[in-house]
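These are the residues of each chain, in order.
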Amino acid sequence: MAFITATDLSLGYDTQVVAKNISFSVSKGDYLCIVGENGSGKSTLMKTLLHLREPISGQIKTGDGLRKNEIGYLPQQTIVQKDFPASVREIVLSGCQARCGISPFYSREDKALAKENMERMGITDLADRCYRELSGGQQQRVLLARALCATRKVLLLDEPVAGLDPVVTTQMYDLIEGLNKEGITIIMISHDIQAAVKYASHILHIGDRIFFGTKEEYLESEVGRFFIMQQRGGEKNG
C-alpha cells in the first residue's frame, strides 16, 4: 500500500475552490515533484497533506505504516522566520517535538538525533551560531536537518531552493537527492521544471489540467510538453 493516497481532491478556502480533481499516490522511495502555474494550489495541497487544512472534498489516506506525525516539513520561509533569534542547535532540536509527546524536555535520544542530522547536513560547526546570522543556503540546511528530526520516512519540501544562488541551489538539490537514495520519500513543490524532470521519479501537475504519472510519462504528455515549452519561453523573455 502507498504511504499517501489522494483521491479526487478539491482544495481551497471555505467554499472557494483553488484546485480540483486531484488524485495521486506516493509510495516508499518515490521522489514526487508538484509543479504548475503560480496560484494553482500547490502550497494549499502541501498544507492539506500536512493536515493543516481540510480538503473541500475528496480524501487523503496514509498507509504502509506511515503515521501523521512521521512527515517532515520544510516550508517556504518568510522574512520573520529568516530573522528568528535562536541557535542552530535549538532550531534543529525543535524538529523532535512530535516525538516528545507531552514532555517539555528533549531526551538524550532527541539530542543524539539532532546531532546526527546536523552532521548529515554539514552544519555541525554552526550549532552555536544564531540562525538569523546565517546565509540563505545555511538556513535551508538547518531547516532540512530540523525536518529530518521529525521523520525517517517522508519529507515535504515547499520550494526549498527559492532565493538561493545557482551554486547553492545545486548543492541543495544534491542533498535532497542523496536523502532520497537513502530511502527517504520526497514530495517537493518546485517552480523549476528542469530540476523536476531531472530529479523526480513522478510528477504531479496541477492547474487547469491535472497530470499524475512517472517523469517519463510527463515528458511525453501534452500537458508536460506544453508546460516545459512555456517555462523555457519565459526564461528566454526574462
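Each remark here, short or long, concerns the structure printed above.
Being a predicted model, the structure only gives us computed values, none of them experimental. (Residues numbered from 1 in each chain as written. Predicted model: local features only at pLDDT ≥ 70, side-chain atom pairs only at ≥ 80, totals over all residues. Heavy atoms only, no water.)

1. Details of the sheet that holds strand β5 (residues 71-74)
Reasoning step 1: The strand order β5-β6-β7-β3-β8-β9 describes an open sheet built from six strands, whose pairing is mixed. Strands with a single pairing partner mark the edges of an open sheet, and in this sheet they are β5 and β9 (211-214). Across this sheet, the average inter-strand angle for adjacent strands is 15°, counted without regard to direction.
Reasoning step 2: Of the strand pairs in this sheet, β5 and strand β6 (residues 154-158) are connected by four bridges, and their pairing is parallel. Its bridge partner lying in β6, Ile-71 is registered against Val-154.
Reasoning step 3: Relative to β5, helix α6 (residues 136-150) is tilted by about 165°, and along the sheet it contacts β5 and β6.
Reasoning step 4: Where helix α7 (residues 166-181) meets the sheet, its contacts fall on β3 (31-35), β6 and β7 (185-189), and the angle it forms with β7 comes to roughly 145°. (Pairing = 2+ DSSP bridges. Helix = DSSP H or I, 4+ residues; strand = E, 2+ residues; numbered from the N terminus. Axes fitted to C-alpha atoms, helices over the stretch in contact; angles between N-to-C directions. Contact = heavy atoms within 4.5 Å.)

2. Side note on the layout of surface pockets
Leftover empty space is mapped by rolling, across the atoms, a probe with the size of a water molecule.
Reasoning step 1: When its volume is computed, the largest pocket comes out at roughly 550 Å³.
Reasoning step 2: Lining the largest pocket are 23 residues; nearest its centre among them are Tyr-73, Pro-75, Ser-94, Gly-95 and Arg-146.
Reasoning step 3: For the lining of the largest pocket, the secondary-structure elements that each account for two or more residues are β5, α4 (97-100) and α6.
Reasoning step 4: Grouping the amino acids of the lining of the largest pocket by side-chain chemistry returns 13 nonpolar, eight polar and two charged. (1 Å grid on protein atoms, 1.4 Å probe; cavity = no way out; pocket = protein on both sides within 12 Å on 5 of 7 lines; lining within 4 Å. Points joined across faces, edges and corners; volume = space filled by probe spheres on them. Nonpolar A, V, L, I, M, F, W, Y, C, P; charged D, E, K, R; others polar.)

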